[in-house]
Amino acid sequence: MTGFNDQVIEEFRQSKGKLGGMFEGWKLILLTTTGAKTGERRTNPLGYLEIDGKIVVVASNMGASAHPGWYHNIRRDHRVMIETGTETYEAIAAVPPAAEREALFAKVVAEEPGFAEYQAKTTRELPVVILHRIDDRVRGMGDFLVEVHEWLREELRTLRAGVEEIVAGRADVLTMEKSLKAHCVSFCEALTKHHTGEDMGAFPVLGQRFPALEPVLTKLGEDHVVVAATQKRIRDLVEGYVHGESDPARLRDEFDALAGKLEAHFAYEERSVVAALNVTMTG
């Protein structure tokens, strides 16, 4: 099969996607995935459909009892490369949740009844996969996430600067204490709301559609717990400082610790989920 696939791939590239023989008239793409076990790039010719403006492929394996290798690969790494014969672009592979999959598979069968025959051959449910093109021109929820992160970074820098003014004795203490307390409360509330929204909303959606992201989302959720614990220490220290019970140098150190944790968390999140968020929340 590998030798046959290689021949098809070579002909596909040479003919710019227009194959003859048994594939004449077929709508094919080349899908390159990253091997789940080997980490090596694997390319497969696949028939595809365009449904509701999206590229859809089915992990039919011609009705065999096991999923094809490329499907296992996209469950481990959702970033793929697509070749159409005239262009090559990056995409991410999404697995729709059950109800959406049922509706989508019905549309697939309406266009290509052969997939119903493949389904009848096996007891496994044939996975339907949506291939979302990554287009930097399209703004979505992922870009909004980055903007929220930038705002939170700036707020934290402002808070940290205020603490430094107090530590250095360059500020009116009473004024700065009141301002610091109010600013700290609003910042912590905003950060908590942001992380709660991710834990309760965005992350479950991403986990359903992009199984490969599950380890990433688990780590991000664990980060939220660590950040929340640091936030509580800061709020307790700010409250204690206003009542003359806390050391401002210790407060500064806690702010530095929070800033370090948040920057690492934000950077990891931006590398890992922005593209998936963009295509998920824009449909």
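Notes on the structure in this doc start here. (Residues numbered from 1 in each chain as written. Predicted model: local features only at pLDDT ≥ 70, side-chain atom pairs only at ≥ 80, totals over all residues. Heavy atoms only, no water.)

1. Re the overall build of the protein
Piece 1. Broken down by element type, the protein carries eight helices and seven strands.
Piece 2. Over its C-alpha trace the protein gives a radius of gyration of 25 Å, far above what one expects of a compact globule, namely 19 Å for 283 residues.
Piece 3. Across its three principal axes, the protein shows a C-alpha extent of roughly 85 × 35 × 35 Å.
Piece 4. Taking all 283 residues of the protein together, 45% fall into the buried category.
Piece 5. Contacts in the protein between residues far apart in sequence, at least 24 positions, make up 71% of those at least 6 positions apart.
Piece 6. Computing the positive centroid from 34 side-chain charges and the negative centroid from 44, the protein places the two 2 Å apart. (Helix = DSSP H or I, 4+ residues; strand = E, 2+ residues; numbered from the N terminus. Rg over C-alpha atoms; globule rule 2.2 N^0.38 Å. Buried < 20%, exposed > 50% of the residue type's maximum accessible area, 1.4 Å probe, protein only. Contact = heavy atoms within 4.5 Å. Lys, Arg positive; Asp, Glu negative; His and termini not counted. Charge placed at Lys NZ, Arg CZ, Asp CG, Glu CD.)

2. Let's talk about the side chain of Glu269
Piece 1. Mapped onto the elements, Glu269 comes out in helix H8 (residues 248-281).
Piece 2. One buried charged residue, Glu269, remains without a salt bridge, the closest side chain of opposite sign being Arg153 at 8.3 Å.
Piece 3. Residues contacting Glu269, with those up to four places away along its chain left out, are Leu145, His149, Glu198, Phe203, Leu220 and Val274. (Salt bridge = Lys/Arg side-chain N within 4 Å of Asp/Glu carboxyl O.)

3. Thoughts on the environment of Arg250
Piece 1. Secondary-structure assignment places Arg250 in helix H8.
Piece 2. Using a relative accessible area of 46% as the deciding quantity, one classes Arg250 as partly exposed.
Piece 3. Each C-alpha atom of the pair Arg250 and Ile234 lies 9.4 Å from the other, and the pair is 16 residues apart in sequence.

4. Notes on the nonpolar core
Piece 1. Counting residues in hydrophobic clusters, the biggest one holds 20 residues, and the most contacted among them are Phe187, Leu251 and Leu262.
Piece 2. Of all the elements in the fold, those that place two or more residues in this core are helix H5 (141-167), helix H6 (173-209), helix H7 (214-242) and H8.
Piece 3. The element best represented in this core is H5, accounting for six residues.
Piece 4. Apart from the residues within four sequence positions on either side, Leu251 is in contact with Val163, Leu180, Ile234, Leu237 and Val238.
Piece 5. Ile29, Leu46, Ala59 and Val80 belong to the second largest nonpolar core, which has 18 residues in total. (Core = buried A, V, L, I, M, F, W, Y, C linked by side-chain atoms within 4.5 Å.)

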